[in-house]
Amino acid sequence: MNLAIESGRWFVWLAVFGFAINFLGMCMFAGHGHGHSHGGHGHSHGNGVDVNMRAIFLHFVGDCISSVCVLITGLLIDHQRKRKWIAYVDPCASVLITIIILYTTIPLVKYCSQLVLQSGPQHVDYALLRKQLRDVRGVHDIHSLHVWQLNPSRLVSSVHVVLTEPDADADAVGVDEAKFRSGCERRVREVLHEHGLHYTCIQLEDLKDQLLSVEKGCANHCVRECHAMRIREPESASMLIDY
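Residues numbered from 1 in each chain as written. Predicted model: local features only at pLDDT ≥ 70, side-chain atom pairs only at ≥ 80, totals over all residues. Heavy atoms only, no water.

Asks: How should the overall build of the chain be read in this particular structure?
Replies: Counting its regular elements, the chain contains 6 helices and 4 strands. Helices (α) and strands (β) of the chain occur, in sequence order from the N terminus, as α-α-α-α-β-β-α-β-α-β. Expressed as a percentage of its 243 residues, the buried residues of the chain come to 34%. By sequence separation, contacts in the chain at least 24 residues apart represent 66% of the contacts at least 6 residues apart. For the chain, the accessible surface area stands at approximately 15,500 Å², while carbon and sulfur atoms represent 61% of it. (Helix = DSSP H or I, 4+ residues; strand = E, 2+ residues; numbered from the N terminus. Buried < 20%, exposed > 50% of the residue type's maximum accessible area, 1.4 Å probe, protein only. Contact = heavy atoms within 4.5 Å. Areas by Shrake-Rupley, 256 points an atom, 1.4 Å probe, with all protein chains shown as cover.)

Given below as structure tokens:
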């Protein structure tokens, strides 16, 4: 049986047809192939990239590139069929197409895995976020800061905020305690908002209750007495939880 390719004409026509179809599909989903952000802090208001649409767009891009490779292969086979090296053109094109597909697919698979695992978003500066939260007027300290990602357009966070005594805040003297707590919570939410964290759960705690729990040997409000010490804050920016 003779398996030699005598003509690359079919390669050319099939590649042209495939490129036309895939280029049309790529144009249709081009608007879903990039993200949406405000400034340098990664705001997200529901206009984030849909992972499915992004995958479809990348699929069409990969197919377009594959069609171009097949087109070039067909032209070489059709015009250089007598050369000895022509037998290696098609395998080399296949390897090139495979590399391109892996190059575009692996980052998407990695991103989807991070979403499934609800890992912490990489663009959030956790050290800066902790510092700004602790600098909020009326805040004595924070702990148990959690940040994770539910989907491309929704970041979720929760934090325990230890408030100062209203009498210790010169601006809060004579202010109703409820208004003082409400003002502190609003300022904390503003800081979280600046970091793109719009879905938040803030637990306000009184300083005297926090000090009392530390005196009992536990700073994490366990249901019974224990000797657990406060867990050290993670230094890595990729950590999900800040105790």
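Asks: Mind showing me how you'd approach the packing of aromatic side chains here?
Replies: Between two aromatic rings, the relevant description is the distance of the centres plus the angle of the planes. The full count for this structure, using the stated rule, is 2 aromatic pairs. Against the face of Tyr 111 rests Arg 54, its NZ or CZ located 5.5 Å from the ring centre. Across from the ring centre of Tyr 199, 4.0 Å away, lies the NZ or CZ of Arg 154, which sits over that ring. (Phe/Tyr/Trp six-rings, centres within 6.5 Å; stacked < 30°, edge-to-face > 60°. Lys NZ or Arg CZ within 6 Å of the ring centre and 35° of its normal.)

Asks: I keep staring at the environment of Val 159 and nothing clicks. Help me out?
Replies: Structurally, the position occupied by Val 159 is in strand E2 (residues 154-163). Of the residues examined, Val 159 reaches a relative accessible area of 2% and is grouped as buried. Considering only alpha carbons, one finds Val 159 and Val 147, 12 residues apart in sequence, at a separation of 8.8 Å.

Asks: So what exactly am I meant to see when it comes to the environment of His 140 here?
Replies: Checked against the element boundaries, His 140 lands in strand E1 (residues 139-151). With 66 residues separating them in the primary sequence, His 140 and Asp 206 have C-alpha atoms 9.3 Å apart. When sequence neighbours within four positions are dropped, the list of residues in contact with His 140 reads Val 162, Leu 163, Thr 164 and Leu 207.

Asks: What should I look at first to understand unusual backbone geometry in this one?
Replies: For residues besides glycine, phi is generally negative; the peptide bonds are generally trans as well. For Ser 144, which is not glycine, the phi torsion reads 55 degrees and is therefore positive. Within the fold, Ser 144 resides in strand E1.

Asks: Which parts of the structure should I look at to understand the packing of helix H2 (residues 51-79) against helix H3 (residues 89-116)?
Replies: Axes are the key here: two packed helices are described by the angle between their axes and the distance separating the axes. Contact geometry for H2 and H3: axes closest at 9 Å, N-to-C directions at 170 degrees. On the basis of the axis angle, H2 is roughly antiparallel to H3. Packed against H2, whose contacting residues are Val 51, Arg 54, Ala 55, Leu 58, Ile 65, Ser 66, Cys 69, Val 70, Thr 73 and Leu 76, the element H3 presents Val 89, Asp 90, Ala 93, Leu 96, Ile 97, Ile 100, Thr 104, Leu 108, Tyr 111, Cys 112 and Leu 115 at the interface. (Axes fitted to C-alpha atoms, helices over the stretch in contact; angles between N-to-C directions. Parallel < 35°, antiparallel > 145°, perpendicular 65-115°, else oblique.)

Asks: I keep staring at a nonpolar patch on the surface and nothing clicks. Help me out?
Replies: Residues Phe 19, Phe 23, Val 68, Ile 72, Leu 76, Trp 85 and Tyr 88 make up a contiguous nonpolar surface patch of roughly 650 Å² in combined accessible area. With 3 residues, H2 is the single largest residue contributor to the nonpolar patch. Tracing the backbone through its elements, the reader meets Phe 19 in helix H1 (residues 9-28). When its relative accessible area of 33% is taken as the criterion, Phe 19 is described as partly exposed. (Patch = residues over 30% accessible without salt bridge, like charges linked within 9 Å, V, L, I, M, F, W, Y side chains within 5 Å. Salt bridge = Lys/Arg side-chain N within 4 Å of Asp/Glu carboxyl O.)

Asks: Quick question: what am I supposed to make of helix H4 (residues 126-134) here?
Replies: Because each turn of an α-helix spans 3.6 residues, side chains separated by three or four positions in sequence point in the same direction. Every buried residue belonging to H4 is among Tyr 126, Leu 129, Arg 130 and Leu 133, and all of these are buried. The buried side chains of H4 occupy one side of the element, clustering within an arc of 95 degrees when seen end-on. The N-cap residue of H4 is Asp 125: its side-chain oxygen and the backbone nitrogen of Ala 127 are 3.4 Å apart. (Arc of directions from axis to C-beta. Polar contact = N/O pair within 3.5 Å; in protein donor to acceptor, adjacent residues only side chain to side chain.)

Asks: Explain the nonpolar core to me, please; I cannot follow it from the model alone.
Replies: Nonpolar side chains in soluble globular proteins tend to be buried together. Within the largest apolar cluster, 21 residues are counted, with the highest numbers of intra-cluster contacts made by Leu 129, Leu 133, Val 159, Val 161, Val 188, Leu 192 and Ile 202. Ranked by the residues each element gives to this core, the list is headed by helix H5 (residues 177-194), at 5 residues. (Core = buried A, V, L, I, M, F, W, Y, C linked by side-chain atoms within 4.5 Å.)

Asks: Got a minute to help me understand the pattern of salt bridges in this structure?
Replies: Two side chains bearing opposite charge may form a pair once their charged atoms approach each other closely. For the structure shown, the criterion picks out 5 salt bridges. For the salt bridge of Asp 141 with Arg 134, the shortest nitrogen-to-oxygen distance reads 3.0 Å. On the accessibility criterion, Arg 134 (26% relative accessible area) is partly exposed. Where Arg 186 meets Glu 190, a salt bridge forms, and the shortest distance between an N and an O atom there is 3.1 Å. Here the residue Arg 186 and the residue Glu 190 both occupy positions in helix H5, the gap between them amounting to 4 residues, near one helical turn.

Asks: Just checking my understanding: could you explain H3 for this structure?
Replies: Compared with an ideal rise of 1.5 Å per residue, which puts 28 residues at 40 Å, H3 spans 40 Å between its outermost C-alpha atoms and is within 8% of the ideal. Helix geometry: H3 is bent most strongly at Thr 105, by close to 25 degrees, with proline Pro 107 lying one to four residues after it. Listed as buried for H3 are Val 89, Ala 93, Ile 97, Ile 100, Leu 108 and Leu 115. Residues of H3 that are buried sit in contact with H2 and E1. Count one or two residues on from H3 and you reach Gln 118, which has phi positive near 50 degrees. (Expected span 1.5 Å × (residues − 1). Bend = angle between axes of the 7 residues up to and from the residue.)

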